[in-house]
Amino acid sequence: MPVRFFVPGPLREFSEGRAEIALSATPRTLKEALEALGREYPGITRRVLDEQGEVRPHVNLFVGGECVRFADGLETALPDGSEVAILPAVSGG
Amino acid sequence: MAATKSLPVRNGDVLLLVGTMKGAFLLRSDRSRRRWERSGPHFPGRSVYALAYDGRNRRHRIWAAPKSLHWGAELCSSDDFGRKWSRPEVPRIAFPKETGASLAHAWQIEPGLDDEPDRLFCGAEPSALFESRDAGETWSLNEGLWNHPHRPNWTPGGGGLCLHTILTDPTRRDRLTIATSTGGVYRTDDDGRTWRARNRGIKAYFLPEKEPEFGQCVHKIVRHPSKPDRLFLQHHFGLYRSDDGGDTWREASKGVPSDFGFAMAMHPRNPEAVYVLPLQADEFRCPPEGKLRVYRTRDGARSWRPLTRGLPQKDCYDTVLRDAMSIDEEDPAGVYFGTRNGWLYGSRDEGESWSVIEESLPPITCVRAVAVRDLEKRRAARPRRRRRRRAA
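> Even after reading the chapter, I still don't get the overall build of chain B, so can you show me in this structure?
Summing up its helical and strand segments, chain B has one helix and 29 strands in all. For 392 residues, the compact-globule formula gives about 21 Å, and the C-alpha radius of gyration of chain B, at 20 Å, lands near that figure. Projecting the C-alpha coordinates of chain B onto the three principal axes gives extents of approximately 85 × 50 × 40 Å. The 392 residues of chain B split such that 51% are buried. Partitioning the contacts of chain B with sequence separation of at least 6, the portion at a separation of at least 24 is 50%.

Below, the structure written as structure tokens:
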């Protein structure tokens, strides 16, 4: 089962309008999954991660419903068929 | 105020590029500057600290630096006055891996000299200078400034550690002057390879040493292209003037009700004429006595005169930020400034009288007045008309 990313509306201009992307690669960690995503859709990963490869402070990544900030961050393991949701945090003013 | 999706810009128009905390707005008027049309918000929800117009080499390009709280900061450009914006997949500006830094915001976009029409500069947060030599397609970090031994000791001001002012010198191709808060004024005379602090005479009352080599909180510097060695500077405390390209500075605050302020703008033809907007120091940062007053000098900052007609002179608690004042190239010159409460004021007579152009924009961060010249008819941006369907 491929790893699937769920892309939020503001980033779909970089995913050809797709809300869901299934990776052909088989990454072991979230970091590897984002690297694979970035090879096809750099516009998404460069907005999820800054130029140093860190998750931007107001972006949340969920793997199987768990926020990775409270797991192992980018080293969070991805079991076969994982679903990764990219969500803008509730923030602003 | 008529609002349109795209502006019908014509040759000779005056444009106002207005950045806010919630997006950018573009306004146009003919040269009379009596009526304005607006488009926007462009980049709704994103803060735009820097806007610029590049009219060199037959371009009519607007640059914008929107920052999304979620997705980061980037540079976007439009060649049709905001109808479409280019937004590359990989943001144009990024710190190299080895710096360990990431772009927090772009604070300034500055076209280079006219005879180098593909050169642009960008001031960033954290304080750094980026440069493009291909009209903005690709950018590189100025390593001379980034590796300056003072840089680790620069500290952020209230808005962040930002490089907010970039001045070219039409008489010296290799000279560039920048200002960073807080760090102060730095100048290169070898096209960016090496930089020297140029803060002699600028007093830093907020530091133990009153005239340190660096650490000053410079808010803005302006210069007239016909006299590039004469600089005027708004410091955190104090107005200053230099007659030697920034080698030395002397105070020029006599006649203003407060020597604190952010914005400063230069008259397009008179190198002795400068505009400032004093604010009460240090924490309040609203107009002294609740009176919104622009001050103008026409004698090189030897004296300052308040310009108040049409501006609120009672209970005004507003603030004007460092890039939120600009002057057009018309005669008489139009002067414009925007406030944190979202008011945009304009004067068609060099500041003698003022009127409200906008009164409920988001907090205004920058204003740029632009003269549109050499706009070919075929490139004039007109709203598209819907083609009528013929009845079957």
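Structure's up, so let's keep going.
> Even after reading the chapter, I still don't get the overall build of chain A, so can you show me in this structure?
Each helix and strand counted, chain A has two helices and five strands in total. Along the chain direction, N to C, the helices and strands of chain A fall in the order β-β-α-α-β-β-β. A compact globule built from 93 residues should have a C-alpha radius of gyration of about 12 Å, and chain A, at 12 Å, falls within 12% of that. When its C-alpha atoms are laid out on the principal axes, chain A stretches across 40 × 30 × 25 Å.

> Would you explain the interface of chain B and chain A in this entry?
It is common to give the size of an interface as the accessible area lost on bringing the parts into contact. Contact residues are listed per partner, giving 13 residues for chain B and 16 residues for chain A. When grouped by side-chain class, the residues that make up the side of chain B that touches chain A number seven nonpolar, four polar and two charged.

> Help me out: how do you make sense of the pairing of strand β5 (residues 47-54) of chain B in this one?
Residue and element names in this part refer to chain B. Of all eight residues making up β5, eight are buried, and the element is well covered by its neighbours. By the bridge criterion, six bridges tie β5 to strand β6 (residues 61-68) in an arrangement that is antiparallel. Its bridge partner lying in β6, leucine 51 is registered against alanine 64. Linkage of β5 to β6, two consecutive antiparallel strands, is achieved through a turn of six residues, within which asparagine 57 is found at a positive phi near 55°.

> Explain the sheet that holds strand β23 (residues 294-297) of chain B to me, please; I cannot follow it from the model alone.
All names here are of chain B. Overall, antiparallel pairing links the four strands, which are arranged β21-β22-β23-β24 in an open sheet. The open sheet terminates on both sides in strands that have one partner only, identified here as β21 (260-266) and β24 (305-307). Shown here is a sheet whose adjacent strand axes are inclined to one another by a mean of 30°, direction ignored. Where strand β22 (residues 274-279) lies against β23, three bridges are found, and the strand directions are antiparallel. For tyrosine 275, the partnering residue across the bridge sits in β23 and is arginine 296.

> Explanation requested: the environment of Ala301(B) in the structure shown.
Residues and elements named next belong to chain B. If you trace the backbone, alanine 301 turns up in the loop between β23 and β24. With 24 C-beta atoms packed within 10 Å, alanine 301 lands in the buried category. Separated by 69 residues in the primary sequence, alanine 301 and phenylalanine 232 place their C-alpha atoms 8.2 Å from one another. If sequence neighbours within four positions are ignored, alanine 301 has contacts with Phe232, Leu239, Arg241, Ala252 and Val274.

> Could you clarify how one ought to interpret the nonpolar core in this entry?
For soluble globular proteins, nonpolar side chains are generally found buried alongside one another. Core analysis: the largest hydrophobic core is formed by 106 residues, its most contacted members being Leu17(B), Val18(B), Leu51(B), Ala106(B), Ala263(B) and Met325(B). In this structure Ala106(B) touches Tyr49(B), Ala50(B), Ala65(B), Ala73(B), Leu75(B), Ile93(B), Cys122(B) and Ala124(B), once residues within four positions along its chain are discounted. Phe5(A), Leu37(A), Val59(A) and Leu61(A) belong to the second-largest nonpolar core, a separate cluster that totals 19 residues.

Cut-offs used in this document
Residues numbered from 1 in each chain as written. Chains lettered and ligands numbered in written order. Predicted model: local features only at pLDDT ≥ 70, side-chain atom pairs only at ≥ 80, totals over all residues. Helix = DSSP H or I, 4+ residues; strand = E, 2+ residues; numbered from the N terminus. Rg over C-alpha atoms; globule rule 2.2 N^0.38 Å. Buried ≥ 20, exposed ≤ 12 C-beta atoms within 10 Å, placed from the backbone. Contact = placed C-beta atoms within 7 Å. Nonpolar A, V, L, I, M, F, W, Y, C, P; charged D, E, K, R; others polar. Pairing = 2+ DSSP bridges. Axes fitted to C-alpha atoms, helices over the stretch in contact; angles between N-to-C directions. Core = buried A, V, L, I, M, F, W, Y, C linked by C-beta atoms within 7 Å.

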